[in-house]
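One-letter residues, chain by chain:
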Amino acid sequence: MNDRHMLLAGAANMFIAVGAGAFGAHGLKAVLTPGMLAIWQTGVTYEASHGLGLLLLCALWPRFSVTLLSRAALLMLAGIVLFSGSLYALALTGIRPLGAVTPFGGLCFLLAWATVVMAGWRRRG
């Protein structure tokens, strides 16, 4: 993954997060229970924060290890799909076993940020 891909992925995820947040606040408010709406909102929050994380990685690209930043970006994307995606699906369907996927997304987020730490530690130039 290069800096252009990170920019596109970050911006696309921010677009989706804003849309999902608005959909949850207006379209799902009357349909979901407050508990399921909170689950939806957690998915939105993590997608938005890691969409911004992808944009941050793009900005850091010229100064740090591109290999590590690329790995971190892929882990963030996997985390968004697994964490936020499973929470969106759980909120919409109520199928509780979908929640078993969520921790794997959280692990991807943790690994992504640990990889950013490594990139900072091994700063080039």
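All values reported here derive from a predicted model rather than from experimental measurement.

## Side note on the overall build of the chain
Along its length, the chain carries four helices and zero strands. Considering the chain as a whole, with its 125 residues, one finds that 41% of them fall into the buried category. Taking contacts inside the chain between residues at least 6 apart in sequence as the whole, the part at least 24 apart equals 76%. Working note: accessible area of the chain is about 6,800 Å², and carbon and sulfur atoms make up 74% of it.

## Thoughts on the environment of G21
Relative to the assigned elements, G21 resides in helix α1 (residues 3-27). Separated by 22 residues in sequence, G21 and G43 have C-alpha atoms that sit 9.1 Å apart.

## Some thoughts on the packing of α1 against helix α3 (residues 66-93)
Put simply, α1 and α3 touch, their axes get as near as 11 Å, and they point 20° apart. When the axis of α1 is compared with that of α3, the two are roughly parallel. Considering how the two elements wind past one another, α1 and α3 form a crossing that is left-handed. Residues M6, A9, N13 and A20 of α1 form the contact with α3, whose own contacting residues are L69, S70, A73, L77, I80 and Y88. Residue classes in the contact of α1 with α3 are distributed as eight nonpolar, two polar and no charged.

## A few points about the nonpolar core
The nonpolar side chains of a soluble globular protein tend to be buried with one another. One finds M6, I39, W40, L54, L57, L69 and M76 to be the most contacted residues of the largest nonpolar core, which totals 29 residues. When contributions to this core are tallied by element, the ones reaching two or more residues are α1, α2 (34-60), α3 and α4 (102-121). Ranked by residue count, the leading element in this core is α3, at 11 residues. The residues touching L69, leaving out its near neighbours within four places in the chain, are M6, L57, L60, W61, F64 and A119.

## Some details on the packing of aromatic side chains
On inspection of all chains with the given rule, the structure shows five aromatic pairs. Both rings, one in F23 and one in W40, keep their centres 6.0 Å apart while their planes meet at 65°; by these two values the pair is edge-to-face. Of this pair, F23 sits in helix α1 while W40 sits in helix α2; the two residues are 17 residues apart in sequence, bridging distant segments of the chain. Judged by relative accessible area, F23 falls into the partly exposed class, the value being 42%. Seen from their ring centres, F83 and F109 are 5.6 Å apart, and the 55° between their planes marks the pair as tilted. With F83 in helix α3 and F109 in helix α4, this residue pair connects regions lying 26 residues apart in the sequence. Residue F83 is classed as buried on the basis of its relative accessible area of 12%.

So, how was this worked out
Residues numbered from 1 in each chain as written. Predicted model: local features only at pLDDT ≥ 70, side-chain atom pairs only at ≥ 80, totals over all residues. Heavy atoms only, no water. Helix = DSSP H or I, 4+ residues; strand = E, 2+ residues; numbered from the N terminus. Buried < 20%, exposed > 50% of the residue type's maximum accessible area, 1.4 Å probe, protein only. Contact = heavy atoms within 4.5 Å. Areas by Shrake-Rupley, 256 points an atom, 1.4 Å probe, with all protein chains shown as cover. Axes fitted to C-alpha atoms, helices over the stretch in contact; angles between N-to-C directions. Parallel < 35°, antiparallel > 145°, perpendicular 65-115°, else oblique. Left-handed = near helix turned anticlockwise from the far one by under 90°. Nonpolar A, V, L, I, M, F, W, Y, C, P; charged D, E, K, R; others polar. Core = buried A, V, L, I, M, F, W, Y, C linked by side-chain atoms within 4.5 Å. Phe/Tyr/Trp six-rings, centres within 6.5 Å; stacked < 30°, edge-to-face > 60°.

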